[in-house]
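Structural overview
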Amino acid sequence: MAQIGREDGFGPETICHPPSLVDALVPCLTLVVLLSLSFVLFGNDASSGPNQIALLFCGIVAAGVAYKNGFKWDGIRQAVVGGIAAGLPAILILLAVGALIGSWAMSGTIISMIYYGLKLLSPTYFYATTCLVCAVVALSIGSSWTVAGTLGIGLMGVAANMGLSPAVTAGAIISGAYFGDKASPLSDTVNLATATAGSDIYSHIRESLWTSVPSLLVSSVLFALLGQAGEFDATRALAMIDSKVSVSLWSFLPLVLVFLLSIARLPPFVTIFAGAIAGAVVAVLHDPGNVVAFAATPDLPVGLALLKGAWSALANGFVSATGEKSIDLVLSRGGMSSMMNTVWLIITALAFGAVVEHAGLLKRLIDPLVARTRSVAGLIATVVGTSVVSNVITSDQYISIALPGKIFGASFAGRGLAPVMLSRVVGDSATVTSPLIPWNSCGAYMAATLGISTAAYAGFCFFNIINPLLSIAFALLGWRIVRTTMPDARGGSAAPV
């Protein structure tokens, strides 16, 4: 049956037909086929262009389906613009992280983290320690991205010097970071989940801990089992670093500044970019000779050479020239320009996701599943599945958090389930699975920041895999099923059964 109404306020009143199941499946299946083919043909280089072409092509297919059903091109265009605009904060953060990596490589912050990490950490428990440290820091500041873009970079360097797996290390960083992200009242994902589900933030966090803490403990055990038994003799590595670069506790000032600004709840972009600028200032004050040498313009006055060197590191990254290959490999990185491939991927992914959502294609796939769900466990499993599929199709964590709140709110209320149940399940699924998808903004960010492909680290993100499965298991066993005192209520007192 045709639906008559204005299309998102654009253009005159028009007739939009609801999409058929075939309409909804065509662009989604096309995306799966093309992304799979992209990986087969290009391997780890798939994110350097082929995936972007696939996403853009599928976006055009989805737009064609929408147009066929009566949506106006102007409305589709506005939806794409709005979808990309919604992702601009993430893109700006990504660019800030690129600048931060470049300045921290120049200032000695990264090599100092590696130096003291080699002194303090043991390969036997390195992965488990990494997971727990990242969990505590993310819990205190409420941002998985900030943890990965600061502490995570140093831990990846420590792992490389210890001869440990970069994939497992990245999995441990992400596991810990996402535990803290979904358990902190400072987290934007927590606030979004509670807002869309209509629950209280502190009730949500208390309820989330029932699934998050066991998931973190199991993950920590698995990371401990993956540790390499035996002592690591860091003497040679430490001596080599001492002989090639200047290590100082002053180099930690940019890191301290980032954490202080995060706790003060400044916007992530401001926090991270301030850390990048602080890294450039420390580099100029702590080792001006290195900055002048990097500027490579001997005819410039010293002041201008210092400015050019720091500016270049922020824009295009730092290139280390110590002569020691292992050190130069770790420190030659960063710059805003290094993030352009990832920005390209995020823009095309958001464009596709915006068209799919605007045309109602994802809702068309989900509605029949909701209608056929009879049990509470089935409903919760459907929310988890929807959140994961949304992360795959829309490529955006925030859409995947907000969408279930819109779609499943009435179903949860009708069965007497408290809003906190919905927000908890969304956090257990939409939040934590986003970094497992290569073309999702979170997966693209983690791959670019940690320097390892999503496909390589995803299997080691134990927390992110266990958490949604544990949420379903709890539902099947009837544990922590929180109900309202009155059926069909969207608030009021609630108690688990």
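Owing to the predicted nature of the structure, the values given are computational and were not obtained by experimental measurement.

**Some points on the nonpolar core**
As a rule of thumb, nonpolar side chains are buried together in soluble globular proteins. The biggest cluster of nonpolar side chains holds 143 residues, and the ones touching the most others in it are Ile110, Phe408 and Phe412. A total of 13 residues in this core trace back to one element, the largest contributor, which is helix H4 (residues 88-107). Setting aside its immediate chain neighbours within four residues, Phe412 contacts Leu379, Ile380, Val383, Leu417, Ala418, Met421 and Leu422.

**Quick word on the packing of H4 against helix H14 (residues 268-286)**
In the contact formed by H4 and H14, the axes pass within 8 Å of each other and the chain directions differ by 20°. Considered as vectors, H4 and H14 are oriented roughly parallel to each other. As for the relative orientation of H4 and H14, their crossing is left-handed in sense. Every residue of H14 that contacts H4 at Leu92, Ile93, Ala96, Val97, Ala99, Leu100, Ser103, Trp104, Met106 and Ser107 is listed here: Pro268, Phe269, Ile272, Phe273, Gly275, Ala276, Gly279, Ala280, Val282, Ala283 and His286. Tallied by class, residues from the contact of H4 with H14 come to 16 nonpolar, five polar and no charged.

**Let's talk about empty space enclosed by the protein**
Taken as a whole, this structure holds one cavity of 30 Å³ or more when the rule is applied. Approximately 40 Å³ is the volume attributed to the largest cavity. Along the walls of the largest cavity sit Lys182, Thr189, Val190, Ala193, His204, Gly427 and Thr431, which together make up its complete lining. Of all elements in the fold, only helix H10 (188-197) and helix H22 (419-433) reach the threshold of two or more residues within the lining of the largest cavity. No other element matches the three residues that H10 contributes to the lining of the largest cavity.

**Considering the environment of Ala99**
Considering the arrangement of structural elements, one finds Ala99 in helix H4. Judged by its relative accessible area of 0%, Ala99 is buried. Excluding residues that lie within four positions of it along the chain, Ala99 makes contacts with Phe273, Ala276, Ala313, Leu314, Gly335 and Met336.

**A word on the confidence of the model for the protein chain**
For the protein chain, per-residue confidence averages 84 on the pLDDT scale, and 93% of positions sit at 70 or higher. Mean pLDDT values for the elements of the protein chain range from 42 in strand S1 (residues 3-7) up to 95 in helix H25 (residues 462-477). Throughout residues 1-13 the model reports pLDDT below 50, and contacts reaching past four residues in sequence, or to other chains, amount to 30 contacts. A low-confidence stretch, residues 486-493 (pLDDT under 50), is modelled with 18 contacts involving residues beyond four sequence positions or located in other chains.

**Re unusual backbone geometry**
Here Ala296, not a glycine, exhibits a phi torsion of approximately 55°, which is positive. The residue Ala296 is located in the loop between helix H15 (288-295) and helix H16 (302-316) in this model. With a phi angle near 50°, Arg480 is a residue other than glycine that sits in the positive phi range. Looking at the secondary structure, you find Arg480 in the loop between H25 and strand S3 (482-484). Using a relative accessible area of 18% as the deciding quantity, one classes Arg480 as buried.

Cut-offs used in this document
- Residues numbered from 1 in each chain as written.
- Predicted model: local features only at pLDDT ≥ 70, side-chain atom pairs only at ≥ 80, totals over all residues.
- Heavy atoms only, no water.
- Core = buried A, V, L, I, M, F, W, Y, C linked by side-chain atoms within 4.5 Å.
- Buried < 20%, exposed > 50% of the residue type's maximum accessible area, 1.4 Å probe, protein only.
- Helix = DSSP H or I, 4+ residues; strand = E, 2+ residues; numbered from the N terminus.
- Contact = heavy atoms within 4.5 Å.
- Axes fitted to C-alpha atoms, helices over the stretch in contact; angles between N-to-C directions.
- Parallel < 35°, antiparallel > 145°, perpendicular 65-115°, else oblique.
- Left-handed = near helix turned anticlockwise from the far one by under 90°.
- Nonpolar A, V, L, I, M, F, W, Y, C, P; charged D, E, K, R; others polar.
- 1 Å grid on protein atoms, 1.4 Å probe; cavity = no way out; pocket = protein on both sides within 12 Å on 5 of 7 lines; lining within 4 Å.
- Points joined across faces, edges and corners; volume = space filled by probe spheres on them.
- pLDDT = per-residue confidence, 0-100.

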